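The residues making up each chain are set out below.
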Amino acid sequence: MPSIDLTGKVAVVTGSGRGLGLAYAHALAAHGASVVVNDVDEAVAEAAVKSIAEAGGTAVAEVVPVGTSQAAERLVNRAVEEFGRLDILVTNAGILRDKVLWKMTDEDFDAVVTTHLKGTFTCARAAAVRMREQGEGGTLILVGSPAGQRGNFGQTNYAAAKAGIAAMARTWSMELGRAGITVNAIVPVAATAMTETIPAFAPYIEAMRNGEPLPAFLRKGEGFGTAADCAALVPFLASEAARSITGQAIGIGGDKVALWSHPQEIRTAYADGGWTPDTLADAFPTSVGAELQSVGIPAPKFPEA
């Protein structure tokens, strides 16, 4: 494989003041890209910029909550004003408002969908306009989640938004292909503030923070690691080495990288003249319904004590 060199490229990473977003920004800067760091907290954003600079990279901060068209324009304009162009967009910004369906409010739903789904749409649209004007292609990396691929208890809003993001990646890969713009969704799994709330993971994350490595059954079996592990995928997808990869959902975590399938028909049955409720009742259990699909993120498999 060629060396990954993003020198001269300019990236915007939304929600990059901390966590996975900060890891993505660091990884891009380490490979030569200039980065616009985005966060809603000015102190957090400036600290992220400082950490990138101290590591030898180049970055500036743009403090704005994503979601609106105005915020998207600010991010793209900042990249162009500071560095002259835009080549890479990573839509990482997100929030959580977890509740079961019957307790979730309109505000809970709208806040998450606005940040994740609409924020991805508005930022991608602004970036696509700029990249098409430049006429030199580009890279959109949309951040998905296992919850969007399989659903997750208590995450109606988040799972719906992340599923929509994967669908947008497939759609935009077709629409932007002629412009040389690749579009992929990534599905990261890492030790973050969110996964720390899962009781089974908490002691391992705490041990990791105390300098102990995550065990192999987590890094390999569960594909669960650090934010830096997930970040490796971002500069790769932004590079010339990945120019032929578009419209995909790619998972990464720990020692594992994986390609997620697109939804597709897996079983079919036919009835001459069409189906009735009665013929469906008779045929479904032994035809298309013989092996129904599971839902939810599989529970982690821990070694027996």
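Please read all numbers here as calculations on a predicted model, not as lab measurements.

When helices and strands are counted, the protein chain shows 11 helices and 8 strands. Here the protein chain has a C-alpha radius of gyration of 21 Å; the compact-globule value for 305 residues is 19 Å, and the two agree. Dimensions of the protein chain, computed from C-alpha atoms along their principal axes, come out at roughly 65 × 50 × 45 Å. For the protein chain, with 305 residues in total, the buried portion stands at 45%. Restricting the contact set of the protein chain to residue pairs at least 6 apart, pairs at least 24 apart contribute 68%. The average position of the 24 basic charges and that of the 32 acidic charges among the side chains of the protein chain differ by 2 Å.

What follows concerns the packing of aromatic side chains. This structure, assessed with the given rule, holds 1 aromatic pair. On the numbers, 5.6 Å between centres and 80 degrees between planes, the contact of Y204 with F217 is edge-to-face. One end of the pair, Y204, is in helix α7 (residues 202-209); the other, F217, is in helix α8 (residues 216-221), with 13 residues separating them in the sequence. Assessed through its relative accessible area of 27%, Y204 is described here as partly exposed.

Quick look at the nonpolar core now. Residues Y24, L28, V35, V37, V90 and I186 are the most contacted members of the largest nonpolar core, which totals 36 residues. Considering every element that reaches this core, the biggest residue donor is helix α1 (residues 19-30), with 8 residues. In this structure V35 touches A11, V13, A25, L28, A29, T58, A59, V60 and F83, once residues within four positions along its chain are discounted. Core analysis: the second largest hydrophobic core is formed by 32 residues, A72, M131, I181 and V183 among them.

Looking at the element boundaries, T122 is found in helix α4 (residues 106-134). Looking at T122, its side chain comes within polar contact range of the main-chain oxygen of G119, at 3.3 Å. Sequence-distant contacts of T122, defined by excluding residues within four places in its chain, comprise G67, T68, S69 and A72.

This part takes up the sheet that holds strand β7 (residues 249-253). Spatial ordering of the open sheet is given by β3-β2-β1-β4-β5-β6-β7-β8, a layout of 8 strands whose pairing is mixed. Every interior strand has two partners, whereas the edge strands, β3 (58-63) and β8 (256-260), have only one. Geometrically, the sheet is characterised by an average inter-axis angle of 20 degrees between neighbouring strands, direction not taken into account. Bridge analysis of strand β5 (residues 138-143) against strand β6 (residues 181-188) gives 6 bridges, and the strand direction is parallel. Directly across from L142, in β6, lies its bridge partner A185. Strand contacts of helix α3 (residues 69-83): β1 (10-13), β2 (34-39) and β3, with the helix running at about 145 degrees to β3, the strand carrying the most contacts. Those strands touched by α4 are β4 (88-91), β5 and β6, and its axis lies near 175 degrees from that of β4.

In this section: a nonpolar patch on the surface. Taken together, the side chains of W275, L280, F284 and L292 make up a nonpolar region of the molecular surface, amounting to roughly 390 Å² of accessible area. For L292, a relative accessible area of 63% gives the class exposed.

One can describe the packing of α1 onto helix α2 (residues 42-54) by two numbers: an axis separation of 10 Å at closest approach and a directional angle of 30 degrees. With respect to each other, α1 and α2 are oriented roughly parallel. Relative to α2, the crossing made by α1 is right-handed. Along the contact surface, α1 presents L22, A25, H26 and A29, while α2 presents A48, S51 and I52.

One number sums up the size of the second largest pocket: a volume of about 400 Å³. Contributing to the lining of the second largest pocket are 15 residues, with Q149, R150, S261, H262 and P263 lying nearest its centre. For the lining of the second largest pocket, the elements supplying multiple residues, two or more each, are α5 (146-150) and α6 (156-175). Of the residues contributing to the lining of the second largest pocket, the split by class is 6 nonpolar, 7 polar and 2 charged.

Attention now moves to α3. If you check α3, its first and last C-alpha atoms are 21 Å apart, about what 15 residues at 1.5 Å a residue would give, namely 21 Å. Within the span of α3, buried status applies to A71, A72, L75, V76, R78 and A79. Buried residues of α3, viewed axially, fall in a sector of 150 degrees; they line one side. Every exposed residue of α3 that faces more than 90 degrees away from the buried side is listed here: Q70 and E81. On its buried face, α3 sits against β1, β2, β3 and α4. Backbone geometry just downstream of α3 places G84 in the positive-phi region, at approximately 90 degrees.

The rules we used
- Residues numbered from 1 in each chain as written.
- Predicted model: local features only at pLDDT ≥ 70, side-chain atom pairs only at ≥ 80, totals over all residues.
- Heavy atoms only, no water.
- Helix = DSSP H or I, 4+ residues; strand = E, 2+ residues; numbered from the N terminus.
- Rg over C-alpha atoms; globule rule 2.2 N^0.38 Å.
- Buried < 20%, exposed > 50% of the residue type's maximum accessible area, 1.4 Å probe, protein only.
- Contact = heavy atoms within 4.5 Å.
- Lys, Arg positive; Asp, Glu negative; His and termini not counted.
- Charge placed at Lys NZ, Arg CZ, Asp CG, Glu CD.
- Phe/Tyr/Trp six-rings, centres within 6.5 Å; stacked < 30°, edge-to-face > 60°.
- Core = buried A, V, L, I, M, F, W, Y, C linked by side-chain atoms within 4.5 Å.
- Polar contact = N/O pair within 3.5 Å; in protein donor to acceptor, adjacent residues only side chain to side chain.
- Pairing = 2+ DSSP bridges.
- Axes fitted to C-alpha atoms, helices over the stretch in contact; angles between N-to-C directions.
- Patch = residues over 30% accessible without salt bridge, like charges linked within 9 Å, V, L, I, M, F, W, Y side chains within 5 Å.
- Areas by Shrake-Rupley, 256 points an atom, 1.4 Å probe, with all protein chains shown as cover.
- Salt bridge = Lys/Arg side-chain N within 4 Å of Asp/Glu carboxyl O.
- Parallel < 35°, antiparallel > 145°, perpendicular 65-115°, else oblique.
- Left-handed = near helix turned anticlockwise from the far one by under 90°.
- 1 Å grid on protein atoms, 1.4 Å probe; cavity = no way out; pocket = protein on both sides within 12 Å on 5 of 7 lines; lining within 4 Å.
- Points joined across faces, edges and corners; volume = space filled by probe spheres on them.
- Nonpolar A, V, L, I, M, F, W, Y, C, P; charged D, E, K, R; others polar.
- Expected span 1.5 Å × (residues − 1).
- Arc of directions from axis to C-beta.

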